[in-house]
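Spelled out, the chains give:
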Amino acid sequence: MRSRHACNDAGSNRVIKQMNYKKALLGAVVLAAVGAFFVFDLGRFLDLQAMQSARSEFAAHYASRPYATLALFALIYVAVTALSLPGAAVLTLVAGALFGLVAGTIVVSFASSIGATLAMLVSRYLLRDAVRGRFAQRLSEIDRGVEREGSFYLFTLRLVPLFPFFVINLVMGLTRMRAGTFYWVSQVGMLAGTIVYVNAGTQLGQLRSLEGIFSPALLASFVLLGVFPLLARRLLRLARARRIYSRWRGNKPRRFDRNLVVIGAGAAGLVTSYIAAAVKASVTLVEAQRMGGDCLNSGCVPSKALIHAASIAHQARKAGAAGIGIAPPAIDFGAVMRRVADVVRRVEPHDSVERYTALGVDVVLGKARIVDPWRVQIERQDGATQELSTRAMVIATGAEPIVPPVPGIEDSGYLTSETLWGLTEAPQRLLVLGGGPIGCELAQAFARLGSSVVLVEMAAQLLGREDGDVAEHLLQCMRDDGVDVRVGAEVVQFDRDTGGRYAIVDSGGNREKLHYDTLLCAVGRRARLTGYGLEALGIRADKTIVHNEFLQTDYPNILVAGDVAGPYQLTHVGAHQAWYAAVNALFGGWKRFRADYRVLPAVTFTDPQVARVGLNEQEAKSRNQPFEAIRYQFAELDRAIADDKARGWVKVLTLPGSDRILGVTIVAPDAGELIAEWVLAMKHGLGLSKLLATVHAYPTLVEANKYAAGEWRRAHQPQRLLAGLARYHRWRLGSGAPDKGHAKPL
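Residues numbered from 1 in each chain as written. Predicted model: local features only at pLDDT ≥ 70, side-chain atom pairs only at ≥ 80, totals over all residues. Heavy atoms only, no water.

Colleague: In this structure, what is going on with the overall build of the protein chain? I would like to understand it.
Modeller: In terms of helices and strands, the protein chain carries 26 helices and 21 strands. For the protein chain, buried positions account for 44% of its 746 residues. In the protein chain, 65% of the contacts between residues at least 6 apart in sequence involve partners at least 24 apart. On the protein chain, roughly 38,900 Å² of surface is accessible, and the fraction owed to carbon and sulfur atoms is 58%. (Helix = DSSP H or I, 4+ residues; strand = E, 2+ residues; numbered from the N terminus. Buried < 20%, exposed > 50% of the residue type's maximum accessible area, 1.4 Å probe, protein only. Contact = heavy atoms within 4.5 Å. Areas by Shrake-Rupley, 256 points an atom, 1.4 Å probe, with all protein chains shown as cover.)

As structure tokens, then:
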């Protein structure tokens, strides 16, 4: 006797089969209808000339049977729209010509909305499961728009037709928007455009000769048709702004103290204020802690100084391989950290109050709090309180280290990338949590400086965003440097015993006690979202502050840049966003610019370095992006062999059969320098053929880029042409030449 579960499974299978049968049947009907439209050339009846030639007949029918004619026209319109057939625009014009402005607008408005909703439902029923399973990444932006804006997002698409309406119908069927919402938003959103088109149709119906084309009324209709999207976009922005600012009615100052206030003096805030001052805007930069932000004080600058010292120690240990006898290096860790601090002090003037004041920026050291969309209150470090009114603000408050909620971690004595720079003695036993860029860089550096290092990473590989071959190569290199790397492992508890502090590490169910002297948390960073007034204004935030493609928050005059904006926590990305934030904040009422993230490099400064721009293999596969991958090994490069850097590779992804570059990953000691040529090529649309034709000095490491392009050329050789050339050269040798082209021995 079958179990209840077996019966349920069988029932579920029957339901699935029935649903698949219904989908197949509906799909066949739709395909048959669309096929018949094209096979029998039914589109000729929806041509404007055909409609004009039959206009008198239609008019007669409408005069004798108005309701039946309207109903028949509406059914035809619904069918054309539901099946996404060409001709809806012509039918709209014809409705104006036949029925006039009022009746034409009514019938088209309802018919188009009903047809659009049917098209959406057909797409949802037939395509959603299959398409979302395959193109989930590509649909993520639309999903975010629907989730963020809901009906307002669809209303924008309807009012400002950036995409053909039939595409909107089909794509919205792939989302989770309710059919009722889709219908009424489409009805309202398309109404203004429908009126414009129907009005143009009323003028077309009055044509008696070609000279009538130039009638003022007809020209006015087409001018209105052309400028409508621009006017609609402007009006939509004004309506949205009016709605969001309504709760602050009466608070907006008549005069402003500043054109721009920037909160946060990290990379994004510094560049934003610099640009504002450069265009002669009145700008105040507010910093609560230290100028330069994390990058100068606890991130990029000190970590690279530490890595430099670790690299020197590593090279000293390897000197014997080059025939140089050097005793094992004696590392004075205190001196290393003093140099790190000195490097920070030497770079500090670049980001100082004095420099930015000289550039024309009003720099205020203190804690900022947004009072309303136009006012910022500052608690200055000198104890005074200051309030500034401003036309626009840019939030650039950066990010902070994440401390995982592991039991016992509060008493574990942990350090983060912000607090470890106070160390004066090298940790004897260092435990690093996290195998991302920060964790890998610091773990390797401390190991080279003499610490016993264990790195624990929950994921199955280091550097989770990189390809598996990259992660595996770096894993082996770090283990060669003495780092005990545990991937697929998790710290589940911290405690202490007579042997000191320890962590319990779970690796696939096997638990181990690891004692340590110093714990470094490097599991990631999160945006600073609290403490400066987002909550009071109701500005939405999740992992970052919610913003649009122009870096504007819910309030168009409040923008974001840097780590607090995402999606990349990189100093140069923050500086890149700063230009868009500054320009859109100061000139957004006239012209706005979408932030461009298409060509952004990223470097992990381990040894070897990992540098990337564009797509790698795992990202291309997740997006269902076809690609070809070619690779050039540094083991084949003369300069790399001479410098003992003959490890790693250049990997280039291209479109199949094309030299267009989709992405590049370089694994090499100097990858961060070598990636620049690829960034330039991708930014300006240069293919591998152009790179191959560029002269590179010999012997240099950058030749690897040219040789990678050569590998692509070799893989795409015209074999038939080469075979013909071989036959030609054999013919040139004479009839006595060997068949295979080999010279006869002398």
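Colleague: Is there a simple way to explain the sheet that holds strand β13 (residues 510-515) in this structure?
Modeller: Remark on secondary structure: sheet strands pair via backbone hydrogen bonds, oriented parallel or antiparallel. Strand order in the open sheet made by the three strands is β11-β12-β13, with antiparallel pairing throughout. Each end of this open sheet is capped by a strand with a single partner; those strands are β11 (489-497) and β13. Mean inter-strand twist for the sheet, computed between neighbouring axes without regard to direction, equals 25 degrees. Where β11 and strand β12 (residues 500-507) come together, eight bridges link them in antiparallel fashion. For R496, the partnering residue across the bridge sits in β12 and is R501. (Pairing = 2+ DSSP bridges. Axes fitted to C-alpha atoms, helices over the stretch in contact; angles between N-to-C directions.)

Colleague: Sorry, what's going on with the pairing of strand β8 (residues 429-433) here?
Modeller: A regular strand places its side chains on the two faces of the sheet in alternate fashion. β8 sits mainly inside the fold: four of its five residues count as buried. Bridge count for β8 against strand β9 (residues 452-457) is five bridges, and the pairing is parallel. Paired with L433 across the two strands is V456, which belongs to β9. Remark: the β8/helix α17 (residues 437-448)/β9 crossover connection has right-handed handedness. Bridge count for β8 against strand β14 (residues 518-521) is four bridges, and the pairing is parallel. Bridge pairing in β14 links L430 to T518. (Right-handed = clockwise from strand over helix to strand, strands pointing away.)

Colleague: Explain the sheet that holds strand β21 (residues 661-668) to me, please; I cannot follow it from the model alone.
Modeller: Pairing is antiparallel across the open sheet formed by five strands, whose spatial order is β17-β18-β21-β20-β19. Lying at the two open borders of the sheet, with one neighbouring strand each, are β17 (601-604) and β19 (628-633). On average, each strand axis in the sheet is inclined to that of its neighbour by 10 degrees, with strand direction left out of account. Pairing geometry for strand β18 (residues 609-614) and β21, over six bridges, is antiparallel. By the bridge assignment for β21, G614 is matched with G663.

Colleague: Would you mind showing me how to read the pattern of salt bridges here?
Modeller: Counted by the stated rule, this structure contains 34 salt bridges. A salt bridge links D382 to R380, with the shortest nitrogen-to-oxygen separation between them at 3.5 Å. Residue R380 is classed as partly exposed on the basis of its relative accessible area of 29%. Its salt-bridge partner being D607, residue R448 comes within 2.9 Å of it at the nearest N-O pair. Of this pair, R448 sits in helix α17 while D607 is found in the loop between β17 and β18, placing the two residues 159 residues apart along the sequence. Take R448 and D607: they sit in the same class, and that class is buried. (Salt bridge = Lys/Arg side-chain N within 4 Å of Asp/Glu carboxyl O.)

Colleague: Looking at this model, I keep getting lost on the pairing of strand β10 (residues 484-487). Mind explaining?
Modeller: Two strands pair when backbone bridges link them, and β9 and β10 are joined in this way by four bridges, in the parallel orientation. What sits directly across from V454, in β10, is D484. For the segment spanning β9, helix α18 (residues 468-480) and β10, crossover handedness is right-handed.

Colleague: What should I look at first to understand the packing of helix α14 (residues 300-318) against α17 in this one?
Modeller: How two helices sit against one another is set out by the angle between their axes and by the gap between those axes. Remark: α14 packs on α17, axes separated minimally by 8 Å, with the N-to-C direction vectors making an angle of 45 degrees. Viewed along their axes, α14 and α17 adopt a mutual orientation that is oblique. The interaxial crossing formed by α14 with α17 has left-handed handedness. Only E441, L442, A445, F446 and R448 of α17 make contact with α14, whose side of the interface consists of S303, K304, L306, I307, A310, S311, A313, H314 and R317. When grouped by side-chain class, the residues that make up the contact of α14 with α17 number seven nonpolar, three polar and four charged. (Parallel < 35°, antiparallel > 145°, perpendicular 65-115°, else oblique. Left-handed = near helix turned anticlockwise from the far one by under 90°. Nonpolar A, V, L, I, M, F, W, Y, C, P; charged D, E, K, R; others polar.)

Colleague: Looking at this structure, how should I read the environment of T385?
Modeller: Assignment of secondary structure puts T385 in strand β5 (residues 385-395). A relative accessible area of 56% places T385 in the exposed class. Taking the C-alpha atoms as reference points, T385 and A368, 17 residues apart in sequence, are found 9.9 Å from one another. With sequence-adjacent residues up to four places away left out, T385 is seen in contact with Q377 and I378.

Colleague: Where do I start with a nonpolar patch on the surface in this structure?
Modeller: A contiguous nonpolar surface patch, about 740 Å² in accessible area, is contributed by L101, V102, I106, F110, I114, L118, L121, L191 and I195. Listed by contribution, the elements that provide at least two residues to the nonpolar patch are α5 (88-134) and α10 (191-204). No other element matches the seven residues that α5 contributes to the nonpolar patch. By the secondary structure assignment, F110 is in helix α5. (Patch = residues over 30% accessible without salt bridge, like charges linked within 9 Å, V, L, I, M, F, W, Y side chains within 5 Å.)

Colleague: Can you walk me through the packing of aromatic side chains in this structure?
Modeller: The relation between two aromatic rings is expressed through the spacing of the ring centres and the mutual angle of the planes. The tally for this structure, following the rule as stated, stands at eleven aromatic pairs. Consider the rings of F73 and Y77, whose centres lie 6.2 Å apart with planes at 50 degrees: the pair is tilted. With F73 and Y77 both in helix α4 (residues 66-82) and four residues apart, this pair spans about one turn of that helix. Judged by its relative accessible area of 6%, Y77 is buried. With a centroid separation of 5.4 Å and 25 degrees between ring planes, the pair formed by Y245 and W374 is classed as stacked. (Phe/Tyr/Trp six-rings, centres within 6.5 Å; stacked < 30°, edge-to-face > 60°.)

Colleague: What is the right way to read the side chain of E703 from this model?
Modeller: Mapping E703 onto the fold places it in helix α25 (residues 703-715). Non-local contacts of E703, meaning those with residues more than four positions away in its chain, are made with L637, H696, A697 and Y698.

Colleague: I keep staring at the packing of α14 against helix α15 (residues 333-347) and nothing clicks. Help me out?
Modeller: Close contact between α14 and α15 brings their axes to 9 Å; oriented N to C, the two are set at 140 degrees. One finds that α14 runs oblique with respect to α15. Seen from above, α14 lies across α15 with right-handed handedness. Between α14 and α15, the contacting residues are V301, P302, A305, L306, H308 and A309 on the first element and V336, M337, R339, V340, V343, V344 and V347 on the second. Grouping the amino acids of the contact of α14 with α15 by side-chain chemistry returns eleven nonpolar, one polar and one charged.

Colleague: Looking at this model, I keep getting lost on the confidence of the model for the protein chain. Mind explaining?
Modeller: If pLDDT is low for a region, its predicted coordinates should not be looked at in detail. Chain-level pLDDT for the protein chain is 85 on average; 81% of the residues reach the 70-or-more range. With pLDDT under 50 throughout, residues 207-214 is counted as low confidence; its partners more than four residues away or in other chains account for eight contacts. (pLDDT = per-residue confidence, 0-100.)

Colleague: Help me out: how do you make sense of unusual backbone geometry in this one?
Modeller: For residues other than glycine, phi is negative in most cases, and the peptide bonds are mostly trans. A cis geometry characterises the amide bond from G566 onward to P567, with omega recorded as -5 degrees. In this structure, P567 sits in the loop between β16 (558-560) and α20 (571-587). Looking along the chain, the bond that leaves Y698 and enters P699 is cis, with omega of -10 degrees. Tracing the sequence through the fold places P699 in the loop between α24 (688-692) and α25. Located in the positive-phi region is K280, a residue other than glycine, with phi close to 70 degrees.

Colleague: For this particular structure, what's the right way to read α4?
Modeller: Each full turn of the α-helix corresponds to 3.6 residues, which orients residues three or four apart in the same direction. Helix length check: α4, at 17 residues, gives a terminal C-alpha distance of 24 Å against a target of 24 Å (1.5 Å per residue), a fit within 8%. Three or more residues of α4 are buried, namely T69, L70, F73, A74, Y77, V78, V80, T81 and A82. Directly after α4, the chain includes S84, whose backbone phi takes a positive value near 55 degrees. (Expected span 1.5 Å × (residues − 1).)

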